[in-house]
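An overview of the molecular structure
The lines below spell out each chain.
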Amino acid sequence: GLDTLVNCSYLDSVSIVVPNLNAQINAFGNDSICPKSDVAFSAINYGDANFFSWRVDYLPRVSGANIRTVSFNDDIFNPDTIRVVTLMVKNQQGCIDSTQFVYHIIHPEPVITVVGSPTGCIPLKLTFLGSDTSGIQINKWSWNFGPNATPTGSLNKDAGEVVYNIKGDYEVTLTATDIYGCVAQDTLEYKIVITETKADFNIIGDTAICLGKQLVF
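Let me sum up the structure you'll find in this document.

Reading the values: the criteria
Residues numbered from 1 in each chain as written. Predicted model: local features only at pLDDT ≥ 70, side-chain atom pairs only at ≥ 80, totals over all residues. Heavy atoms only, no water. Pairing = 2+ DSSP bridges. Helix = DSSP H or I, 4+ residues; strand = E, 2+ residues; numbered from the N terminus. Phe/Tyr/Trp six-rings, centres within 6.5 Å; stacked < 30°, edge-to-face > 60°. Buried < 20%, exposed > 50% of the residue type's maximum accessible area, 1.4 Å probe, protein only. Lys NZ or Arg CZ within 6 Å of the ring centre and 35° of its normal. Salt bridge = Lys/Arg side-chain N within 4 Å of Asp/Glu carboxyl O.

Concerning the sheet that holds strand β16 (residues 183–194)
With mixed pairing, 4 strands are arranged side by side in an open sheet as β10-β16-β15-β12. Across the chains shown, the open sheet's two edge strands, defined by having one partner strand only, are β10 (119–120) and β12 (138–144). Judged from the 6 bridges that link them, β12 and strand β15 (residues 168–178) form a sheet pairing that is antiparallel. Opposite I138, over in β15, you have D178 as the bridge partner.

Below, the structure written as structure tokens:
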């Protein structure tokens, strides 16, 4: 017999590779866009993923490349809403990762206010004031009063007085451009009624009178 007990040991190793799927979405532009805009999205940091699935809110998923262009010009994309873009990636081992990007679809909401009555004597004067209900910073205001209207103000946010000398149907448009370059308009149609006063008189009695007599008007 063996006087000494020999302890045998065996060593084996297996390499395990854990894919690093830390997918992110890169959007070309900022997170606030105007309606009717096209935005390109790309997947980044997706490791060895070879399957990409994109979805915008409740629209059907679109599978394909790691770049997706979304047109925000459909009727379902109402202004002043939030849209969520979701990306899901998967590699050959079936590992899945997903991420989201939030977009704000915004636009200005200009409103025209008229001070004064559109009925009166010439020169008829109306005051036009502009405002915005979106809460977004407006960088530019632009007024269009059409022909036969003479603005007297600076045509900034508040246009000031506009003078009318001819009656008729008029249209005024206020255009607002916000800090993102989004543009929106408000249009107001109205009728200018000019009150015309004509001087006239009547003679009471005979127009043929003797010298020294009086006529009554």
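Examining the packing of aromatic side chains
Scanning all chains against the criterion turns up 10 aromatic pairs. Residues Y46 and F52 carry aromatic rings whose centres are separated by 4.9 Å and whose planes lie at 90 degrees to one another, so their mutual orientation is edge-to-face. The class of Y46 is partly exposed, set by a relative accessible area of 22%. Ring centres 6.3 Å apart and planes at 65 degrees place the aromatic pair F128 and W143 in the edge-to-face group. Highlighted residues: F128 in strand β11 (residues 124–132) and W143 in strand β12, separated in sequence by 15 residues. Each member of the pair F128 and W143 is classed as buried. Among the aromatic residues, those joined into a ring-pair cluster are F128, W143, F145, Y164, Y170 and Y190. Just above the ring of F51 sits the side chain of K90; from NZ or CZ to the centre is 5.2 Å.

So, the pairing of strand β14 (residues 158–164)
Burial analysis of β14 places 5 of its 7 residues in the buried class, which makes it a mostly covered element. Pairing geometry for β11 and β14, over 6 bridges, is antiparallel. Across the sheet, the residue bridging to L129 is D158, located in β14. Here strand β13 (residues 149–151) pairs with β14 via 3 bridges, running antiparallel. Bridge assignment links A149 to a residue of β14, and that residue is Y164.

What about the sheet that holds strand β7 (residues 81–90)?
Read across the open sheet, the 5 strands follow the order β2-β8-β7-β4-β5; overall the sheet is mixed. Strand pairing shows two members of the sheet lacking a second neighbour, β2 (32–33) and β5 (62–64), which therefore form its edges. Bridge analysis of β7 against strand β8 (residues 96–105) gives 10 bridges, and the strand direction is antiparallel. Looking at β8, one finds that M88 is bridged to S98.

Concerning the pattern of salt bridges
Following the criterion strictly, the structure yields 1 salt bridge and no others. In this structure, D169 engages K191 in a salt bridge whose closest nitrogen and oxygen atoms are separated by 2.6 Å. Of this pair, D169 sits in strand β15 while K191 sits in strand β16, placing them 22 residues apart in sequence. When its relative accessible area of 61% is taken as the criterion, D169 is described as exposed. Overall, the relative accessible area of 47% leaves K191 in the partly exposed class.

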